[in-house]
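Notes for the structure review
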Amino acid sequence: MGAVSAKTILVCGGAGYIGSHMVRLLAESGYSPLILDDLSTGHAEAVPCDRARRRAGDPPFLVADSARARAELGWQPKYAQIESILETAWNWHRSPRF
């Protein structure tokens, strides 16, 4: 793997429907998307990729679920609906940050 530059963007789920379109748009805009996808619902054909082998000590599977954080820590997400999350991310992306 080459060096990561300031224009490298991690795209989780980059082989899925939305992610693969995001990868294409980022690449066309001059960014270098770094794709992370377990291909459980994505398609390798959507994005050229190499599947890495598991490392010693890696768990057999990972689950991203906020239920435990909610139950044990009383954590509540600021944005619970995907529409709100995407809108907030897009607004952040469009805002001047420098």
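Just so we're clear, the structure is a prediction, and the values are computed from it rather than from any experiment. (Residues numbered from 1 in each chain as written. Predicted model: local features only at pLDDT ≥ 70, side-chain atom pairs only at ≥ 80, totals over all residues. Heavy atoms only, no water.)

**Quick word on the overall build of the chain**
- Looking only at helices and strands, one finds three helices and two strands in the chain.
- For the chain, the succession of helices and strands along the chain, N to C, is β-α-β-α-α.
- Looking at the chain residue by residue over its 98 residues, the buried ones come to 10%.
- The contacts in the chain between residues at least 6 apart in sequence include a share of 38% that link residues at least 24 apart.
- In the structure as shown, the chain presents an accessible area of about 8700 Å², 58% of it carried by carbon and sulfur atoms. (Helix = DSSP H or I, 4+ residues; strand = E, 2+ residues; numbered from the N terminus. Buried < 20%, exposed > 50% of the residue type's maximum accessible area, 1.4 Å probe, protein only. Contact = heavy atoms within 4.5 Å. Areas by Shrake-Rupley, 256 points an atom, 1.4 Å probe, with all protein chains shown as cover.)

**Details of a nonpolar patch on the surface**
- A cluster of nonpolar side chains, namely Tyr79, Ile82, Ile85 and Leu86, defines an oily patch on the protein surface of about 360 Å² accessible area.
- Here Ile85 lies in helix α3 (residues 82-94).
- Its relative accessible area of 37% is what places Ile85 among the partly exposed residues. (Patch = residues over 30% accessible without salt bridge, like charges linked within 9 Å, V, L, I, M, F, W, Y side chains within 5 Å. Salt bridge = Lys/Arg side-chain N within 4 Å of Asp/Glu carboxyl O.)

**Concerning the pattern of salt bridges**
- Under the definition given, this model contains one salt bridge.
- Residue Glu28 pairs with Arg24 through a salt bridge whose shortest N-O separation is 3.4 Å. Taken together, the residues span about one helical turn, with Glu28 and Arg24 both in helix α1 (residues 17-28) at a distance of four residues.
- Relative accessible area serves as the criterion here: at 56%, Glu28 is assigned to the exposed category.

**Details of the pairing of strand β1 (residues 8-12)**
- Pairing of β1 with strand β2 (residues 32-36), which is carried by five bridges, proceeds in the parallel orientation. Following the sheet pairing, Val11 is matched in β2 by Ile35. (Pairing = 2+ DSSP bridges.)

**So, the environment of Gln76**
- Tracing the sequence through the fold places Gln76 in the loop between α2 (67-73) and α3.
- Considered as a pair, Gln76 and Ser66 are ten residues apart in the sequence and their alpha carbons are 8.8 Å apart.

**With respect to the side chain of Ser20**
- Checked against the element boundaries, Ser20 lands in helix α1.
- Under the relative-accessibility criterion, Ser20 is labelled buried at 16%.

**What to know about the confidence of the model for the chain**
- Residues at a pLDDT of 70 or more form 84% of the chain, whose mean pLDDT is 79.
- Mean pLDDT across the secondary structure elements of the chain bottoms out at α2, with 79, and peaks at α1, with 90. (pLDDT = per-residue confidence, 0-100.)

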